[in-house]
Amino acid sequence: MSAGAIIRSTWLLYFSQPANDRALYKVVKGRSIRSVLEFGVGDGTRTKNLLEVISWQQENLPLRYMGIDQFEARPKGQKGLTFKQAFAEIRAPEVTVQLIPGLPYDALLRCNNVLAETDLIVIAADQQPADFERAWKFITRTVHEKTLILREQPAGAGKTVFQTLPVAEVHRLARESGRTMRRAA
């Protein structure tokens with residue numbers, strides 16, 4: 001490993017901002033991850049850094065990345081990239097990038113067939129729980145028993161933390177949302 005690579009990896013894992021993203025990078029470092037699904041691309045910084053950390057493992061390449069975000073349709077005051085900016089910002093060597101505009105349910109409805117066997121799912125803090133109620137059933141189709149699911153949660157004082165969501169919990173949420181949908185009908 002070159003001196004520049006050591007400095008870069010040290011910076012990403014121990015000094016990059018926001019601090020909660022460092023925990024995310026540490027969790028994925030060294031794992032076998034060939035496909036990533038991210039809900040909430042934001043300004044693209046976390047995504048670029050995440051893909052860089054994953055690509056440190058040569059066996060993870062080529063990597064498939066899918067980002068679901070509202071892009072231009074996001075609520076006023078919520079910062080983030082436009083669709084075109086996101087595509088230009090996130091591109092990386094040996095990474096196939098696919099961006100899907102929309103809320104989780106609508107986006108997954110359109111692209112669920114290409115998401116089988118996703119290794120890592122990242123759910124950003126700006127994603128509303130109500131937007132996932134109907135989406136969980138589609139997410140269950142994308143996971144396998146070793147899928148790592150990380151959901152960013154508020155931690156007080158304006159900070160957030162990433163919490164692991166077990167695959168079994170995703171299946172429970174899908175069943176629960178299915179019962180809720182049937183009662184509403």
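Coordinates for the structure precede this section.
Residues numbered from 1 in each chain as written. Predicted model: local features only at pLDDT ≥ 70, side-chain atom pairs only at ≥ 80, totals over all residues. Heavy atoms only, no water.

Of regular secondary structure, the protein possesses 8 helices and 6 strands. Along its sequence from the N terminus, the protein presents helices and strands in the succession α-α-β-α-β-α-β-α-β-α-α-β-β-α. Since a compact globule built from 185 residues should have a radius of gyration of about 16 Å, the 16 Å found for the protein is in line with a globular shape. Overall size of the protein, expressed as C-alpha extent along the three principal axes, is 60 × 35 × 35 Å. Here the protein, with 185 residues, has 43% of them falling under the buried criterion. (Helix = DSSP H or I, 4+ residues; strand = E, 2+ residues; numbered from the N terminus. Rg over C-alpha atoms; globule rule 2.2 N^0.38 Å. Buried < 20%, exposed > 50% of the residue type's maximum accessible area, 1.4 Å probe, protein only.)

This part is about the pattern of salt bridges. Applying the stated rule across the entire model yields 8 salt bridges. Here Arg74 ties to Asp69 by a salt bridge, and the two come within 2.5 Å at their closest N and O atoms. One exposure class covers both Arg74 and Asp69, and it is buried. Salt-bridge contacts for Glu169 lead to Arg172; the nearest nitrogen and oxygen are separated by 2.6 Å. Here the residue Glu169 and the residue Arg172 both occupy positions in helix H8 (residues 167–184), the gap between them amounting to 3 residues, near one helical turn. A relative accessible area of 30% means that Arg172 is categorised as partly exposed. When salt bridges that share partners are traced, they join Asp21, Glu38, Arg46 and Glu152 into one network. (Salt bridge = Lys/Arg side-chain N within 4 Å of Asp/Glu carboxyl O.)

The linkage connecting Gln17 with the following residue, Pro18, adopts the cis geometry, with an omega of -5 degrees. Note on placement: Pro18 falls in the loop between helix H1 (3–14) and helix H2 (19–28). The linkage connecting Leu61 with the following residue, Pro62, adopts the cis geometry, with an omega of -5 degrees. Within the fold, Pro62 resides in the loop between helix H3 (45–55) and strand S2 (63–69). Located in the positive-phi region is Phe71, a residue other than glycine, with phi close to 50 degrees. Tracing the sequence through the fold places Phe71 in the loop between S2 and helix H4 (83–90). Of the residues examined, Phe71 reaches a relative accessible area of 1% and is grouped as buried.

Attention now moves to the nonpolar core. Core analysis: the biggest nonpolar cluster contains 27 residues, and Val28, Val36, Leu50, Ile54, Tyr65, Ile90 and Leu120 have the highest contact counts within it. Those elements giving two or more residues to this core turn out to be H1, H2, H3, S2, H4, strand S3 (95–101), strand S4 (120–123) and strand S5 (148–156). The dominant element in this core, judged by the number of residues it contributes, is H3, at 4 residues. If we ignore the near neighbours within four places in the chain, the residues touching Leu120 are Val28, Ile33, Ser35, Val36, Leu37, Leu50, Ile54, Thr147, Leu148 and Leu150. Within the second largest apolar cluster, 24 residues are counted, among which are Ile100, Leu115, Ile121 and Val170. (Core = buried A, V, L, I, M, F, W, Y, C linked by side-chain atoms within 4.5 Å. Contact = heavy atoms within 4.5 Å.)

Further remarks concern the side chain of Thr118. Here Thr118 shows up in the loop between helix H5 (104–111) and S4. Among the residues examined, Thr118 registers a relative accessible area of 1% and is labelled buried.

Counted according to the given criterion, the structure contains 4 aromatic pairs. When the centroid spacing of 5.5 Å and the interplanar angle of 50 degrees are considered together, the rings of Tyr105 and Phe138 count as tilted. One end of the pair, Tyr105, is in helix H5; the other, Phe138, is in helix H7 (residues 136–140), with 33 residues separating them in the sequence. Comparing Tyr105 with Phe138 shows no difference in burial state: the two are buried. Aromatic rings pair up to connect Phe39, Phe132 and Trp136 into one cluster. The cationic tip of Arg134 hangs over the ring face of Tyr105; the distance from NZ or CZ to the ring centre is 3.8 Å. (Phe/Tyr/Trp six-rings, centres within 6.5 Å; stacked < 30°, edge-to-face > 60°. Lys NZ or Arg CZ within 6 Å of the ring centre and 35° of its normal.)

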